[in-house]
Amino acid sequence: MPVGLFRVCLLVITAIVNHPLFFPKENGTVPENTEEIIQKMKEREESLRLEQLRLEQEIADQEATQKALEKAAVVVEESKEEKVRWDMWTALSMVIFLLIELWRQDFQEGNWQDIGGEEDDMAVLGKAFKGVALPNKAVLASFYEKRILGTTGDMARMREMVEGFADDLLEALRSVCNRDADMEVEDCMGVGSMYENWRVRKPFVCDLIVPFAPPEPYCFRCQTWCSGDSFPPDEQGYGTIKVCRADEDATGCICDKTKLGEDMLCLLHSHVSSTRPSSEMEDLLCFKNTQYLDADQVMKWFQIAVTKAWNRISHKYEFDLSFSLLDSPGALKIKFKSGKSIAFNLTPVVQYENSDVYFISHFPRSSLAADVPSSTHWFLTFAVYERRFIQLVSKTLPANACHVSCLQILSFLHGKQCSLTGPSGLTNYHLKTVLLHLLQARPSQDWAPEKLEARLQDMLKFLEKCLHEKKLYHFFIGNGKVPAELAFPVIFQRAEPLNLFRPFVLRRDIYRKMVDTFHEMLRNMSALINEYTVHIPLAHTNGIHKEPL
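Since the model is a prediction, treat every value here as computed from it, not as a measurement.

Novice: Got a sec to walk through the overall build of the protein? Specific residues and values, please.
Specialist: Of the regular secondary structure elements, the protein holds 15 helices and 10 strands. Across the 549 residues that make up the protein, the buried fraction comes to 42%. Sequence-distant contacts, at least 24 apart, represent 72% of the contacts inside the protein between residues at least 6 apart. About 32000 Å² of surface is accessible on the protein, with carbon and sulfur atoms providing 57% of the total.

Novice: Outline helix α9 (residues 383-394), supporting the account with residue identities and numerical values.
Specialist: With 12 residues, α9 should cover 16 Å at 1.5 Å per step; its first-to-last C-alpha distance of 17 Å lies within 8% of that length. Along α9, the positions that sit buried rather than exposed are A383, V384, Y385, E386, F389, I390 and V393. Looking at the buried residues of α9, the elements they touch are β2 (189-191), α5 (193-196), β3 (205-213), β9 (358-360), β10 (378-381) and α11 (428-441).

Novice: Got a sec to walk through the environment of T307? Specific residues and values, please.
Specialist: Considering the arrangement of structural elements, one finds T307 in helix α8 (residues 295-313). Linking T307 and L169, residues 138 residues apart in sequence, is a C-alpha distance of 9.7 Å.

Novice: So what about helix α12 (residues 452-469)? Which residues, and what values?
Specialist: Since the α-helix turns once every 3.6 residues, residues separated by three or four places project in the same direction. Taking 1.5 Å per residue as the helical rise, α12 with its 18 residues ought to reach 26 Å, and the 26 Å between its terminal C-alpha atoms agrees with that figure. Counting buried residues in α12 gives 15 out of 18 residues, a clear majority hidden from the surface. Among the residues trailing α12, K470 stands out with phi positive, at a value near 60°.

Novice: Hey, could you go over unusual backbone geometry for me, with residue numbers and the actual values?
Specialist: Note that the residue after K202, namely P203, is joined by a cis bond; omega there is 0°. Summarising the element assignment, P203 is placed in the loop between α5 and β3. The residue after E216, namely P217, is reached through a cis peptide bond having omega 10°. Structurally, P217 can be placed in the loop between β3 and β4 (218-224).

Novice: So what about the nonpolar core? Which residues, and what values?
Specialist: One finds L169, L293, F344 and L346 to be the most contacted residues of the largest nonpolar core, which totals 116 residues. Setting aside its immediate chain neighbours within four residues, L169 contacts V306, A309, W310, I313, L321, L332 and L346.

Novice: Mind laying out the side chain of D458, listing which residues take part and the relevant values?
Specialist: Within the fold, D458 resides in helix α12. When its relative accessible area of 7% is taken as the criterion, D458 is described as buried. There is a polar contact of 2.8 Å between the side chain of D458 and the side chain of R455.

Novice: An account of the pairing of β3 is requested, with residue identities and associated values reported.
Specialist: Each regular strand carries side chains that alternate between the two faces of the sheet. The buried count for β3 comes to 8 of 9 residues, which makes it a mostly enclosed element. One ladder, built from 2 bridges, connects strand β1 (residues 184-185) with β3; its direction is antiparallel. Its bridge partner being in β3, V185 is matched across the sheet by F212. Relative to β3, β2 runs antiparallel, the two sharing 3 bridges. Looking at β3, one finds that V191 is bridged to D207.

Novice: So what's going on with the packing of helix α3 (residues 137-148) against helix α10 (residues 403-421)? Which residues, and what values?
Specialist: The geometry of a pair of packed helices is captured by two quantities: the angle between their axes and the separation between those axes. Interhelical geometry of α3 versus α10 gives an angle of 75° and a closest axis separation of 11 Å. Accordingly, the angle class assigned to the pair α3 and α10 is roughly perpendicular. Between α3 and α10, the contacting residues are L140, F143, Y144, R147 and I148 on the first element and S405, Q408, I409 and F412 on the second. Of the residues belonging to the contact of α3 with α10, the class tally is 6 nonpolar, 2 polar and 1 charged.

Quick notes on the rules
- Residues numbered from 1 in each chain as written.
- Predicted model: local features only at pLDDT ≥ 70, side-chain atom pairs only at ≥ 80, totals over all residues.
- Heavy atoms only, no water.
- Helix = DSSP H or I, 4+ residues; strand = E, 2+ residues; numbered from the N terminus.
- Buried < 20%, exposed > 50% of the residue type's maximum accessible area, 1.4 Å probe, protein only.
- Contact = heavy atoms within 4.5 Å.
- Areas by Shrake-Rupley, 256 points an atom, 1.4 Å probe, with all protein chains shown as cover.
- Expected span 1.5 Å × (residues − 1).
- Core = buried A, V, L, I, M, F, W, Y, C linked by side-chain atoms within 4.5 Å.
- Polar contact = N/O pair within 3.5 Å; in protein donor to acceptor, adjacent residues only side chain to side chain.
- Pairing = 2+ DSSP bridges.
- Axes fitted to C-alpha atoms, helices over the stretch in contact; angles between N-to-C directions.
- Parallel < 35°, antiparallel > 145°, perpendicular 65-115°, else oblique.
- Nonpolar A, V, L, I, M, F, W, Y, C, P; charged D, E, K, R; others polar.

Dropping the structure here:
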């Protein structure tokens, strides 16, 4: 029984083990599973290969990016180093520039024309001056007494006569002008050599300036080359004059610059006042289609007004009045029945703000404003301050000081030389500018009358140096040492110095003529002076050394 039961159990177990559902045949399924596994392995291998390529590409990109960053860092570092070097050079250049600028300011303020001292002055003189000697003190004194003092005695009487007649003429001019439409003329002022007592050459001509202003409600707004706006180099020394309404802003209302439209009105200006016809501005002597005062229009108006004024008062005088020069609109001449005549210049000017600087329409008998940029550009004249400076300095000089004598002698010699060789670019104004610089640079005791010869030599040396360097600076413009008593406008003191010889830098023919005339004057100096000097005994000149120039 147990044996049989055991057999039955063994049989059941064998049957179960060999049942196909539990253990399928290996030979039938293995081939299919192998191909599938191989295919999957190939796919897996391909995916791994692609992943490897992607990772290699990423690594390469990262390496390239890293190299680019490293290269950029190197460039930035180099640029920083270059910038540091550039900043260092820039800073160094700025320091050098500032040092030069400080030196230039000190040079201009302290010794800006290099006037001082006798040392090494002879070194600047050229070969043309060798052998040239100034006449001695006795000859100069005799020449001055005979030629200068003997011909200037009537100047005071002539000034008085001209001023009286000019006042009467201007009073008549005011009476013939329309006070509501014409310019308002003020009293005249005398300027120039006749009123500074150094004119020596005949005919004596009085220079009078006449300030004028526009009628109400208009006013003048002046702008100079040193007022802030940029002016070309050839316009330095000039300015413009704008005619505006007194209630108008200096920059003008926006309604003048913007089209408001037909149905819009400016709240500040009416339609009538905001639109200015061309004829209205021309009646105010402005340049066509502008608000800027025209110098040519002013002179035409002034000539017509003077003619009307003379017609009104001509019956009171026993002489004739006429315009003497066509190229100088303000030049007038009084002709007496005896044949004698007196010439004077009456020139309209515009006052700059509340100072005694004036915009002048024309310079009579002068090349200072020969090349005016346009008729709306007015040259500035400082003649009133020049006269006051000479008067102020004269009070501190010794009695009978030689400063005026030096200018008179040099002006006479220059005029004589020009009559022989023709006019040159050098003018009496240049000579006066030289004197003004020397008056400021030299102490008062150096202008004693017995030092006439030495001061005359100083003027010639200084002028020759300026001609050599082509630089002669205006005395007032850029001069920070103008006496405070003159109340000179600060804007001109702070301006860049104005070189009066600048027009000759590009005009070499005129410059050459000017230098040649100066050289000829020096060589002919002794002959010109001796021609007008009485004979002086030799005993008077013994022991007097002639210093070569």
